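Spelled out, the chains give:
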Amino acid sequence: MKDKRLLRINVNILIITAVLALVTLPARGSSFGTTGVLVGGGLSFVYFLLLSTTVTRAFAGVDEDGLEARAAGRLGLKLLLYTFGLAFFTIAAILCKLCHPVAFLTGFSALLISIAFEALAYAVFSKPQDTPGK
C-alpha cells in the first residue's frame, strides 16, 4: 500500500481499538466486555486493510479509459465477498456469544473514528491547492 493516509488509518484503527479495549476493562464483570471490543476492532482492521489493498491494486495501472469491464466485474465481486465475509463473521461472533453486540460495535467504531481523524488532519494540515487557470 503506497498511500500513507491509508496506512495511517490502518495503524490508527489498531491504536483506537487498544484504547477502547483499555477503557472497557472496568466493565469486565458485565456482559459488555473487552473481548467484543477487540473482535470488532480486529474485524474492522482486517476489513479496511483488505478494501484498501484491493482498491489500490485495482486502480494502480489504470489510464484515462478506466477499468476494463472484466476487471471491474472482478473488483465488484471481491468487494461483495469481503462485505459478505465481514457480515458472516460478525453474525457468527454474536450468535456464538463470543461478544456482546454493543461491545462489537464499539470496537468496530474504531474504523469510523480513524477515518474521521485522518479527514480532520487532512483538512487542518494540508496545504491549500492553487486553482489552475486563475
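Residues numbered from 1 in each chain as written. Predicted model: local features only at pLDDT ≥ 70, side-chain atom pairs only at ≥ 80, totals over all residues. Heavy atoms only, no water.

**Topic: the overall build of the protein**
Inference 1: Assigned secondary structure in the protein consists of four helices and zero strands.
Inference 2: Counted from the first residue to the last, the protein has its helices and strands arranged as α-α-α-α.
Inference 3: Burial statistics for the protein: of 134 residues in total, 27% are counted as buried.
Inference 4: Partitioning the intrachain contacts of the protein with sequence separation of at least 6 by distance along the chain shows that 77% fall at a separation of at least 24.
Inference 5: Surface summary for the protein: the accessible area is close to 9300 Å², and the carbon and sulfur share equals 69%. (Helix = DSSP H or I, 4+ residues; strand = E, 2+ residues; numbered from the N terminus. Buried < 20%, exposed > 50% of the residue type's maximum accessible area, 1.4 Å probe, protein only. Contact = heavy atoms within 4.5 Å. Areas by Shrake-Rupley, 256 points an atom, 1.4 Å probe, with all protein chains shown as cover.)

**Regarding helix α1 (residues 4–23)**
Inference 1: With 20 residues, α1 extends 28 Å from end C-alpha to end C-alpha; this agrees with the ideal 28 Å at 1.5 Å per step.
Inference 2: Taken residue by residue, α1 has Leu 6, Ile 9, Asn 10, Ile 13, Ile 16, Thr 17, Leu 20 and Ala 21 as its buried positions. Along the axis of α1, the buried positions cluster into a sector of 135°, meaning they face one direction only. In α1, the exposed positions angled more than 90 degrees off the buried face are occupied by Lys 4, Leu 22 and Val 23. (Expected span 1.5 Å × (residues − 1). Arc of directions from axis to C-beta.)

**Description of the confidence of the model for the protein**
Inference 1: On average, residues of the protein score 83 in pLDDT, and 85% of them reach the 70 mark or higher.
Inference 2: Mean pLDDT across the secondary structure elements of the protein bottoms out at helix α3 (residues 69–95), with 85, and peaks at α1, with 90. (pLDDT = per-residue confidence, 0-100.)

**Comments concerning the packing of aromatic side chains**
Aromatic ring pairs: the centre-centre distance and the angle between the two ring planes describe each pair.
Inference 1: Per the stated rule, a full pass over the model turns up two aromatic pairs.
Inference 2: With 5.6 Å between their ring centres and 65° between their planes, Phe 88 and Phe 89 make a pair best called edge-to-face.
Inference 3: Residue class for Phe 88 comes out exposed when judged on its relative accessible area of 56%.
Inference 4: Centre to centre, the rings of Phe 104 and Phe 108 are 5.9 Å apart; their planes meet at 20°, and the pair counts as stacked. Taken together, the residues Phe 104 and Phe 108, both in helix α4 (residues 101–125) and four residues apart, mark about one turn of the helix.
Inference 5: According to the relative accessible area criterion, Phe 108 is buried, its value standing at 19%. (Phe/Tyr/Trp six-rings, centres within 6.5 Å; stacked < 30°, edge-to-face > 60°.)

**Regarding the packing of α1 against helix α2 (residues 34–58)**
Inference 1: Interhelical geometry of α1 versus α2 gives an angle of 175° and a closest axis separation of 9 Å. Comparing their axes, α2 and α1 come out roughly antiparallel. Of the residues in α2, those in contact with Leu 6, Ile 9, Asn 10, Ile 13, Leu 14, Thr 17, Leu 20 and Ala 21 of α1 are Thr 34, Val 37, Leu 38, Gly 41, Ser 44, Phe 45, Phe 48, Leu 49, Ser 52 and Thr 56.
Inference 2: Of the residues in the contact of α1 with α2, the class split is eleven nonpolar, seven polar and no charged. (Axes fitted to C-alpha atoms, helices over the stretch in contact; angles between N-to-C directions. Parallel < 35°, antiparallel > 145°, perpendicular 65-115°, else oblique. Nonpolar A, V, L, I, M, F, W, Y, C, P; charged D, E, K, R; others polar.)

**A closer look at the nonpolar core**
Inference 1: Membership of the largest hydrophobic core comes to 19 residues, with the highest contact counts inside it found for Ile 13, Val 39, Phe 48 and Phe 104.
Inference 2: Elements with a minimum of two residues in this core: α1, α2, α3 and α4.
Inference 3: The element best represented in this core is α1, accounting for six residues.
Inference 4: The contacts of Val 39, once residues within four sequence positions are left out, are Ala 93, Leu 98, Cys 99 and Phe 104. (Core = buried A, V, L, I, M, F, W, Y, C linked by side-chain atoms within 4.5 Å.)

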